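Below are the chains, spelled out letter by letter.
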Amino acid sequence: MIGYTTLGTNDLPRAAAFYDELFAVLGIKRLMDFGRGYAWGLSMDKPGFAVMKPYDEQAASVGNGVMIALAVDSEEKVQALHAKALALGGQDEGAPGPRGGGFYAAYFRDLDGNKLNAFCVKAA
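Okay, so let's go over this structure. (Residues numbered from 1 in each chain as written. Predicted model: local features only at pLDDT ≥ 70, side-chain atom pairs only at ≥ 80, totals over all residues. Heavy atoms only, no water.)

Let us look at the nonpolar core. Tyr19, Leu22, Phe23, Trp40, Phe49, Val78 and Leu116 are the most contacted members of the largest nonpolar core, which has 25 residues in total. Top element by residues in this core is helix 1 (residues 12–24). It accounts for seven residues. Those residues in contact with Phe49 that sit more than four places away from it in its chain are Thr5, Leu7, Tyr19, Phe23, Tyr38, Ala39, Trp40, Ile68 and Leu116. (Core = buried A, V, L, I, M, F, W, Y, C linked by side-chain atoms within 4.5 Å. Buried < 20%, exposed > 50% of the residue type's maximum accessible area, 1.4 Å probe, protein only. Helix = DSSP H or I, 4+ residues; strand = E, 2+ residues; numbered from the N terminus. Contact = heavy atoms within 4.5 Å.)

In this fold, Phe34 is placed in the loop between strand 2 (29–33) and strand 3 (37–41). Considering only alpha carbons, one finds Phe34 and Val51, 17 residues apart in sequence, at a separation of 9.9 Å. In this structure, Phe34 is in contact with Ala39 and Met52, ignoring residues within four places of it in sequence.

Rolled over the atoms, a probe sized like a water molecule indicates the empty space that remains. When its volume is computed, the largest pocket comes out at roughly 500 Å³. What lines the largest pocket is a set of 19 residues, and nearest its centre among them are Ile28, Pro47, Ala69, Leu70 and Ala71. Mapped onto the lining of the largest pocket, the elements with two or more residues apiece are strand 3, strand 4 (48–52) and strand 5 (67–71). In terms of residue count, the dominant contributor to the lining of the largest pocket is strand 5 (four residues). The residue makeup of the lining of the largest pocket, split by class, is 13 nonpolar, three polar and three charged. (1 Å grid on protein atoms, 1.4 Å probe; cavity = no way out; pocket = protein on both sides within 12 Å on 5 of 7 lines; lining within 4 Å. Points joined across faces, edges and corners; volume = space filled by probe spheres on them. Nonpolar A, V, L, I, M, F, W, Y, C, P; charged D, E, K, R; others polar.)

Take the sheet that holds strand 4 next. Taken in spatial order, the four strands of this open sheet run 1-4-3-2, and their pairing is mixed. In this open sheet, the two strands that pair with only one neighbour each are strand 1 (4–8) and strand 2. Looking at each pair of strands side by side, their axes are set apart by 25° on average, direction ignored. Two elements, strand 2 and strand 3, share four bridges in a ladder whose sense is antiparallel. In the sheet register, Arg30 faces strand 3, and the bridge partner there is Trp40. The strands that helix 1 touches are strand 1, strand 2, strand 3 and strand 4; relative to strand 3, the one it contacts most, it runs at about 5°. (Pairing = 2+ DSSP bridges. Axes fitted to C-alpha atoms, helices over the stretch in contact; angles between N-to-C directions.)

Limitation: the analysis is restricted to geometry and does not speak to function.
Structure, rendered in structure tokens:
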């Protein structure tokens, strides 16, 4: 159902460098350059992720209760994304671990304070 997600940034070069390195852990590269933002993904027909300077030219802000969840296929990738985010200067919002019902996740904030989660689900 989701085509793509977009987060705002007030420092596009810093955000782009963060996500270039973070998504490299999954082999994901930039697909698009909008001039005021970038998009990453596996291909144009799969869900994507973008970071942009706001169109209205106002400061980007973090939404309370907003979180982007990144689906991966292993606990090791959850751990790797969380570790990479922290190494790049992101904030820990919940260490990697089981959350119940086969759901394994880790939570972090990017350099602009946006909350993200990496997760995988093990079949029962």
